[in-house]
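# Per-entry structural report
The chain contents come next:
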Amino acid sequence: MQILLIHSDYIEYETKRSTPVAEKIEDSLKKGRMEEAVAVFVAVERDDEGNIEYATCKAFEEIKKVAEQVKTNRIMLYPYAHLSSSLASPKAAVDTLKKLEGLLKEAEFEVKRAPFGWYKSFTIKCKGHPLSELSRTIRAGEKKCAAVVKEKEEVVSEALKSEAKATSYWYILTPRGELIKPDDFDFSGHGNLAKFVNYEIHKSRAVDKIPPHVELMRRLELSDYEPGSDQGNMRFYPRGRLMKSLLENYVLEEAARKGAMEVETPLMYDMNHPTLKKYLDRFPARQYSIEADKKQLFLRFAACFGQFLMNHDMTISYKNLPLKMVELTRYSFRKEQSGELVGLRRLRAFTMPDMHTLCKDMDEAIRQFNEQYNMCIDVLSDIGLDLSDYEVAIRFTRDFYEENKDFIVGLVKTVNKPVLIELWDQRFFYFVLKFEFNYIDAMDKASALSTVQIDVENAERYDIKYIDPTGEERRPLILHCSPSGAIERCMYALLEKAYMNSEKGIVPMFPVWLSPTQVRIIPVTQKHIEYAEKVAEGLDCRVDIDDREETVGKKIRDAGKEWVPYVVVVGDEEVNSGNITVTIRSESLPNKPANVKMTVQELNERASDEISGLPYRGLALAARLSARPRFM
RNA sequence: GCCGUCGUGGCUUAGCCUGGCAAAGCGGCUGAUUCGUAAUCAGCAGAUCGAGGGUUCAAAUCCCUCCGACGGCUCCA
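Reading the values: rules and limits
- Residues numbered from 1 in each chain as written.
- Chains lettered and ligands numbered in written order.
- Predicted model: local features only at pLDDT ≥ 70, side-chain atom pairs only at ≥ 80, totals over all residues.
- Heavy atoms only, no water.
- Phe/Tyr/Trp six-rings, centres within 6.5 Å; stacked < 30°, edge-to-face > 60°.
- Helix = DSSP H or I, 4+ residues; strand = E, 2+ residues; numbered from the N terminus.
- Buried < 20%, exposed > 50% of the residue type's maximum accessible area, 1.4 Å probe, protein only.
- Contact = heavy atoms within 4.5 Å.
- Near = heavy atom within 4 Å.
- Polar contact = N/O pair within 3.5 Å; in protein donor to acceptor, adjacent residues only side chain to side chain.
- Salt bridge = Lys/Arg side-chain N within 4 Å of Asp/Glu carboxyl O.

Next up on the list: the packing of aromatic side chains. One pass over the full model with this rule turns up 30 aromatic pairs. Geometrically, the ring pair formed by Tyr80 and Phe122 is edge-to-face, given 6.2 Å between the ring centres and 85° between the ring planes. One end of the pair, Tyr80, is in the loop between strand E3 (74-79) and helix H2 (90-106); the other, Phe122, is in strand E5 (residues 118-126), and 42 residues separate them in sequence. When the centroid spacing of 5.4 Å and the interplanar angle of 55° are considered together, the rings of Tyr250 and Trp513 count as tilted. One end of the pair, Tyr250, is in helix H6 (residues 238-257); the other, Trp513, is in the loop between helix H13 (487-503) and strand E24 (519-523), with 263 residues separating them in the sequence.

Structure representation (structure tokens):
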């Protein structure tokens, strides 16, 4: 916020013409005059929008200080856009001005406020003494002022009021349908669930290690922080890009298999679009905003916007339902608080498959929910995460539960292990039912992967309708589904899992279909490279050749450090026998490689079998290791 | 965003407390070695000690501000 304070003999204004953003005012406010007053010219800036309370209170303090110094009790607030080139939205500006006016009045100042959004003429007679002209820049900053603390308490108490209404009731639901309070539940044999419940309910997250996956993502040259961007925006090296691409394609193909139509929608939207504005108001200050020409734009944080706007314009018959659309958001942007960002776990720009299903009624929504619940289990399983890696949370309103008890218990039976239940007396969010699969990492932290929600609110908000058999317009229910959750987060989970495995004495690796190199061929000396090439030609997967002038021991070690699933050493023996010796990583123990003699064809069959039915791409790097640059 | 800890060649770190020529390993380059399952040998290059400011004859080292990472609070995919 920029403010300019002028101690004046008098200030007077008169409105001339309204602009499109003008506030509505009574005629009495079209002219104003104040004698012996501090005129406060104010430009509310974009930065203030994140913390209007702070900016308002800080401005209040500054004005109060100056007014006391120049010994006046009269304040004229005057909106003055020309003090800044980075203005807040008109709505935020008016809010701020009104709040500031309120604070000043509370402090017993005599306050007048010139109307916002009008062309005005004004006359001011500046006193000209040393303190009569002052300017202040207010930035969301370090110190809290007294007024902020007071204001915060009020905000908190508001939030507490709403939270009282939305009390969460926590339970554990077993596959046998028993609903048990967490305190009464015997967690033995359910260590991860205990961690998850602890994480969710008690919010106990004390940890003193650095996250293992952060080190691994760099050591494996998958991805890294990009200091040249904003925090939480990653760079992906060729290996990481390959893995990510495979995962992306996989989820899209699975969605397509379930009948979803792939679409693409814009990354940025008009902040003042009437429909979007309402939606945005539920997620204050969470998005990146940018300015283009005169428009205030925000970057999407999911694909909902684009798809719902598309749904709004579509002509949809009941015969088209359930109607599925999917988009892989590269990227979804969420301006998370900087302290929350961690490696691939929590980002500001992330890739999320986002599928929406329009359903004609609750019965269909529930059937779809069940189908997608199962799809999510299958998707995570192919990615390399099984039911022992994540915990299930199901959250719903009491009403929904009363009407669909058997269905909920059925979901628990599907996974055949106890799940965490969160139940609300009233609907507090836009959904009545949702589940997430929460991955539990090496530091006992939980992160949501797959999720499905039954949305009962946005069809109305976006005016999405379908025509029923009688020709009537009706509102569909909308399922939100992310079959895998964020792609980066899947990579994080795989890295954390590999780390935990290595702690348990299991050799860490990725699923073969995701391994950047699937087969590494190590020629014993330079003269065996030609033979290595021949072996490579017989393999239908990502094969590379370590042609560097290093010892065999070194090359073996390096292949191990890259988690290559199959390592083939070729020397005189292989050239003579025609067979190859393969080190199979998945069957190896630490310091105990599993070496198996087989033919090239046998290895090819084995590898092809493991990756069949899953997306495939060629090597991300040169086939000869000597030609590869280092990224770290 | 707030609180705490940290930031030294591309990477991992020593040096910082107690100010006095910036060290090592890995990686890179050059040469020798042509090697059989977790690191072959030798040499060379490579640093604005996160950035900016201050104190001092002298700052990687002490002080301040900012940036970034990690951890906590809060939140989520």
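On to helix H5 (residues 212-219). Those residues of H5 not exposed but buried are Pro212, His213, Val214, Leu216 and Met217. Its buried side turned inward, H5 meets strand E9 (223-225), strand E10 (234-236) and H13. A positive phi of about 55° marks Glu221, the residue just after H5.

Looking now at the protein's contact with RNA strand B. Taken together, 54 residues lie around RNA strand B, and Tyr225, Arg346, Ala448, Leu449 and Arg489 are the ones closest in. Considering RNA strand B, the proportion of its atoms within 4 Å of the protein that are sugar or phosphate atoms stands at 49%. For RNA strand B, a phosphate oxygen lies 3.2 Å from a polar atom in the side chain of Lys445.

Further remarks concern the pattern of salt bridges. Taken as a whole and assessed by the stated rule, the structure comprises 48 salt bridges. Taking the shortest distance from any N to any O, the salt bridge between Asp9 and Lys127 comes out at 2.7 Å. Residue Asp9 is found in strand E1 (residues 2-18), and its partner Lys127 is found in the loop between E5 and strand E6 (133-137); the two are separated by 118 residues along the sequence. The shortest N-O distance in the salt bridge between Arg475 and Asp463 comes to 3.0 Å. Here Asp463 lies in the loop between helix H12 (458-461) and strand E21 (466-467) and Arg475 lies in the loop between strand E22 (473-474) and strand E23 (477-482), a separation of twelve residues in the sequence. By relative accessible area, Arg475 is classed as partly exposed at 36%.

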